[in-house]
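The chain contents come next:
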Amino acid sequence: MDQEQQLAHYEDHVAFFYGKISAIIASLITYFLTENLVFIGITIAMIVIMVADVRNIRSHKALMEGNSSDFETWSRHYAVLSTAFMLAIGIWSFCCFALSDDTFLHLLCVATTMGNLLNLICRNFANDRSLTIQIVAIGIPLILGVLNYGDFRSMILCGFLLPLFFSIRDISQRLRNLFDNVLKQSQEKEEFGIQLNEALESMSHGLMMFDEDMRLRVLNATARHILAIPKEVDCYSRKLSDIVRAIEMKKLPINRVRILERALTRRLQHRSQGKIFQISDRQHVELSIKLRDTGGCVLVLEDVSQRITYQERINQLARFDDLTGLCNRAYFIQRAEEILDTMGRGQKGAMFFFDLDDFKRVNDMLGHEAGDYILSTVGERLTNMLPKTAAIGRYGGDEYVLFMNEEDCDEPFEVLGQRILKEITQPLEYNNQMLRYGASMGIALCPDHGMSMERLLKLSDLALYEAKNAGKNLVHLFSPELENSLTEKIELEEELTLAVKNQSLELHFQPIISMEDGRPQVFEALTRWNRSDAVQVSPALFIPLAEELGLIREIGEWTLYEACRRCMDWPAGTSVAVNVSAVQFQVGSITEAVRHALDVTGLEPNRLEIEITETAVLNDMVHAIRVLEEISEMGVRISLDDFGTGYSSLSYLHKLPLDKLKIDKAFVDDLENSARSRTLLKGITALGRALELKVVVEGIENENQFILLRDQYPVDYVQGYFFSKALPADLALQYVEGFHHDNNFNESIPDQQDLASSRSEDAKVA
Ligand code: C2E
Ligand code: MG
Ligand code: MG
């Protein structure tokens, strides 16, 4: 619909009829006064045109309601009929002046023309062309009629009529401009309204505007969606409570508008600061309220559910362990400190530190999935059995921590500890197999043992350590005496781990002398560890520690390689003996390590000896026999070390592929004074002989012992400080080279001993 069409819409149909009917009546009056039939004709013409016009206007109404495609035709008809009526009035006026001298009629003409001209402005101001034509149609015949009247006064009247016509046109023009502007403005407003509406509807935020009576004036689609207001509920100009009722009447399950209403009331009445409120289980909305100057307010609603979910997830990740759902280390400490803060004076609390025994083995053997299953189940069991007020955390790996005060614990802490261990170590079924594992626990009390979390954690960890040492699957309560010894041990462990990692261990070599020719036929490789503070730690101390820490395999492989490498520098016929720990014998593939060392260094197998102890053999005889046979088949010799100190069960001796028996130093120590020792040594050496094993006696410290042995016992080799202490590799080389050039057994010993005592073992032995 164009501008002209819209302007036409404003026409005044009432004025239209009054104007036309008054003209028809005036024409009829003219007839009655003049009795001239011309006026009857004009009146009929006017009536016909008016009827046609009315019909045309009716069809216009129909057009306005329906489509506007025939509007052009309608407009044309309208213009023609209007012009025709104006022309009929014009002709009537002309005839009045031409056919009558009646001044009343003349005035009637002018008045009717004026009335219809005004009517014309109302109806046709929008269409300048049509207006002009109609002015001409009504005006020219009138002017011609007046002129035709012929006197001077008529001429003057014409002079006034003409400008009147022009000013009518001008008025129409102004009116048109005025309407133009109004229309344009209203159009712009409407367009702005449409754009605003579009913007509101496409906003990602919900928007609601209330007037001063808190009646809803604006509600965009997002707000409707957030509040789950069905489309069929009309909200305009309704209060929230009315909308709530309307939704309730539709029997919808969740009425979020009620939640909003409450939140809004709270915010407005109590000036509450909380911006976010929960609108459903999983949906959170942020509400911003702006009070309007004119009263009422504007609400902006933002669905922040996703943000809240992310935040919760981040909090969860930052505070809780993913696998077990327990507090992580940092959050555990925070929670435990909160409990500590709420504890009254004189009230006790306990820190429980526990871990799973041999968890690493389960993990290695059954895989990480099984390990994870155990860890998460333990977490679940702890959560189920302990009160919600307790702080429970996963400290790392398979370590768990618990802190609680005595108020939440209706039994002694140690009893609770036992109960926890029992509960968490219940066997588990996983992939059709039962997982069995133990757990150990240390407990430290507050305030008895300390008040800071750091200290309580440390002390309960020390107590756990002790529980493990005492045989695992135990609860151990911290005692102050523990602290010193354990702290030292832990430090030692840390340093040893570092030393192995940095390969800062050293090998020394102690000669084993052949009784036949006095030569150092074999050198026993003995590991040395110089701690950072220059104190030398005895292998008798650090080897068991390395076994405990799982470092023995690494140390053993290195020792084998290093010993073989050094032996390559010595004259042919000189061998090296390497000690193999019982643990290494059980866990690692010792055969592989021996083979690897020989391969890499190129040492002939018959120049290598392996020293094993009875414990290594007795633990698993079948395994021991198999491994020793493999090694023996390579051509490597095998010695049984420290013979006579263990649970010597002589029955195994003949089953093993042994080459040598090393009789422990303990037998030599009392040799001079104890007849019993002498008898025992005699028996053992005879046994060795009988089994066709070479006999080595270790720990000979003085000449008397040596002479006694040489003269009275069937001994093949001797070893001890009397000949030499363990020497660094370069001195061991000098030692063997010295013997190589000098064949005199008894004379050469003191020289070499001097060398040995002067250069080796100077360091303090811890
Ligand atoms: P072992 O294999 O019986 O070695 C002999 C120990 O006795 C050595 O002590 C040696 O220095 C010491 N010894 C030798 N002659 C005398 C003597 O006349 N008087 C005295 N009082 N002691 C003597 P060390 O080096 O302290 O080694 C102690 C133990 O540590 C060794 O006993 C051996 O079982 C173990 N060991 C040393 N190095 C290694 C190693 O590389 N691997 C393994 N698995 N164990 C090692
Ligand atoms: Mg040995
Ligand atoms: Mg020994």
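None of the values given here were measured: they were computed from a predicted structure.

Enquirer: For the side chain of threonine 559, give the residues involved together with the corresponding values.
Expert: In this structure, threonine 559 sits in helix H19 (residues 552-567). Exposure remark for threonine 559: the relative accessible area of 4% places this residue in the buried category. The residues touching threonine 559, leaving out its near neighbours within four places in the chain, are Leu507, Thr527 and Val578.

Enquirer: Outline a nonpolar patch on the surface, listing residues and values.
Expert: On the surface, a nonpolar cluster with roughly 870 Å² of combined accessible area is contributed by Phe94, Val136, Ile140, Leu144, Leu147, Phe152, Met155, Ile156 and Phe160. Going through the elements one at a time, helix H6 (128-149) and helix H7 (152-202) are the ones with two or more residues in the nonpolar patch. With respect to the helices and strands, valine 136 occurs in helix H6. The exposure class assigned to valine 136 is partly exposed, which follows from its relative accessible area of 42%.

Enquirer: Provide a residue-level description of the pattern of salt bridges, including the pertinent values.
Expert: Taken as a whole and judged by the stated rule, the model has 33 salt bridges. Here glutamate 483 makes a salt bridge to lysine 458, at a shortest N to O gap of 4.0 Å. Taken as a pair, glutamate 483 in helix H17 (residues 480-501) and lysine 458 in helix H16 (residues 453-469) lie far apart in primary sequence, 25 residues in all. On the basis of relative accessible area, glutamate 483 is assigned to the buried category, the value being 15%. Looking at lysine 458, the relative accessible area reads 40%, which means it is partly exposed. Glutamate 609 is the partner of arginine 637 in a salt bridge, and the nearest nitrogen-oxygen pair spans 3.2 Å.

Enquirer: Describe the coordination of the magnesium ion (ligand 2), listing the residues and the values that go with them.
Expert: Think of it this way: four donors in a tetrahedron around the metal ideally sit 109.5 degrees apart, and six in an octahedron ideally sit 90 or 180 degrees apart. For the magnesium ion (ligand 2), the full set of protein donor atoms is Glu524 (OE), Asn579 (OD1), Glu611 (OE) and Asp641 (OD), at a range of 2.0 to 2.2 Å. We note that the donor set of the magnesium ion (ligand 2) lies within a single chain, spaced as E-x54-N-x31-E-x29-D. Separating the magnesium ion (ligand 2) and the magnesium ion (ligand 3) is a distance of 4.0 Å, and aspartate 641 donates to both of them. On the criterion of sequence distance, the pair formed by glutamate 524 in strand S14 (residues 520-530) and aspartate 641 in strand S18 (residues 637-643) is long-range, its members being 117 residues apart.

Enquirer: Tell me about helix H13 (residues 359-366), and name the residues and values.
Expert: Those residues of H13 that sit buried are Phe359, Val362 and Asn363. The arc enclosing the buried residues of H13, seen along the axis, measures out at 100°, which places them on a common side. Residues of H13 that are exposed and angled more than 90 degrees away from the buried face: Lys360, Asp364 and Met365. On the buried face of H13, the contacting elements are strand S6 (349-357) and helix H14 (368-385).

Enquirer: Describe the nonpolar core, with residues and values.
Expert: Counting residues in hydrophobic clusters, the biggest one holds 82 residues, and the most contacted among them are Val594 and Leu608. Discounting residues that sit within four places of it in the chain, valine 594 has contacts with Leu560, Leu608, Ile610, Ile631, Met634 and Val636. The next biggest cluster of nonpolar side chains, apart from the first, holds 37 residues, and it includes Met50, Leu105, Leu131 and Ile138.

Enquirer: Lay out the layout of surface pockets in plain terms, naming residues and giving numbers.
Expert: In this structure, the largest pocket encloses a volume near 1,400 Å³. Forming the boundary of the largest pocket are 36 residues, of which Lys360, Lys468, Glu548, Leu549 and Gly550 lie nearest the centre. Among the secondary structure elements, those contributing two or more residues to the lining of the largest pocket are S6, H13, H16, H17, helix H18 (539-549), H19 and helix H20 (582-587). Broken down by class, the residue content of the lining of the largest pocket amounts to 14 nonpolar, four polar and 18 charged. Among the elements of the structure, S14, strand S15 (536-537), H18, H19, H20 and S18 are those that each provide at least two residues to the lining of the second largest pocket.

Enquirer: An account of the sheet that holds strand S5 (residues 297-303) is needed here, citing residue identities and associated values.
Expert: Across the sheet, five strands lie side by side as S2-S1-S5-S4-S3; this open sheet has antiparallel pairing. Edge positions in the sheet fall to strand S2 (216-219) and strand S3 (276-278), since each of these pairs with one other strand and no more. Between one strand and the next, the sheet's axes are offset by a mean angle of 25°, whatever the strand orientation. As defined by bridge partners, S3 adjoins strand S4 (residues 284-291) across three bridges and the pair is classed as antiparallel. Directly across from glutamine 278, in S4, lies its bridge partner histidine 284.

Enquirer: Got a sec to walk through the sheet that holds strand S11 (residues 438-446)? Specific residues and values, please.
Expert: Within the open sheet, the five strands sit side by side as S7-S8-S6-S11-S12. Their pairing is mixed. The sheet is open, and its two edges are formed by strand S7 (391-396) and strand S12 (475-477), each paired on a single side. In this sheet, neighbouring strand axes are inclined to one another by 20° on average, regardless of whether the strands run parallel or antiparallel. Two strands pair when backbone bridges link them, and S7 and strand S8 (residues 399-405) are joined in this way by five bridges, in the antiparallel orientation. Residue pairing across strands places isoleucine 392 opposite leucine 402, the latter belonging to S8. The sheet contacts of H16 involve S6, S7, S8, S11 and S12, and relative to S11 the element is tilted by about 140°.

Enquirer: Would you mind going over the coordination of the magnesium ion (ligand 3) in detail, with residue names and values included?
Expert: Coordination of the magnesium ion (ligand 3) by the protein comes from Asp641 (OD), Asp642 (OD), Glu698 (OE) and Glu698 (OE), over a distance range of 2.0 to 2.6 Å. Expressed as a motif, the donor residue spacing for the magnesium ion (ligand 3) is D-D-x55-E.

Enquirer: Describe the site of ligand 1, with residues and values.
Expert: By nearness alone, 23 residues border ligand 1, and Thr527, Asn579, Asp641, Glu701 and Tyr721 come closest of all. Within the side chain of arginine 528, a nitrogen or oxygen atom sits 2.9 Å from an oxygen atom of ligand 1. Tyrosine 721 is positioned such that a nitrogen or oxygen atom in its backbone is 2.8 Å from an oxygen atom of ligand 1. Taken atom by atom, the bulk of ligand 1 overlaps the second largest pocket. Those elements that provide at least two residues to the shell around ligand 1 are S14, H18 and S18. Among the elements that take part in the shell around ligand 1, S14 stands out by supplying four residues, more than any other.

Criteria and thresholds
- Residues numbered from 1 in each chain as written.
- Chains lettered and ligands numbered in written order.
- Predicted model: local features only at pLDDT ≥ 70, side-chain atom pairs only at ≥ 80, totals over all residues.
- Heavy atoms only, no water.
- Helix = DSSP H or I, 4+ residues; strand = E, 2+ residues; numbered from the N terminus.
- Buried < 20%, exposed > 50% of the residue type's maximum accessible area, 1.4 Å probe, protein only.
- Contact = heavy atoms within 4.5 Å.
- Patch = residues over 30% accessible without salt bridge, like charges linked within 9 Å, V, L, I, M, F, W, Y side chains within 5 Å.
- Areas by Shrake-Rupley, 256 points an atom, 1.4 Å probe, with all protein chains shown as cover.
- Salt bridge = Lys/Arg side-chain N within 4 Å of Asp/Glu carboxyl O.
- Donors = N, O, S within 2.8 Å, 3.2 Å for Na, K, Ca; no water.
- Arc of directions from axis to C-beta.
- Core = buried A, V, L, I, M, F, W, Y, C linked by side-chain atoms within 4.5 Å.
- 1 Å grid on protein atoms, 1.4 Å probe; cavity = no way out; pocket = protein on both sides within 12 Å on 5 of 7 lines; lining within 4 Å.
- Points joined across faces, edges and corners; volume = space filled by probe spheres on them.
- Nonpolar A, V, L, I, M, F, W, Y, C, P; charged D, E, K, R; others polar.
- Pairing = 2+ DSSP bridges.
- Axes fitted to C-alpha atoms, helices over the stretch in contact; angles between N-to-C directions.
- Near = heavy atom within 4 Å.
- Polar contact = N/O pair within 3.5 Å; in protein donor to acceptor, adjacent residues only side chain to side chain.
- Sits in = over half its atoms within 2 Å of the grid points.

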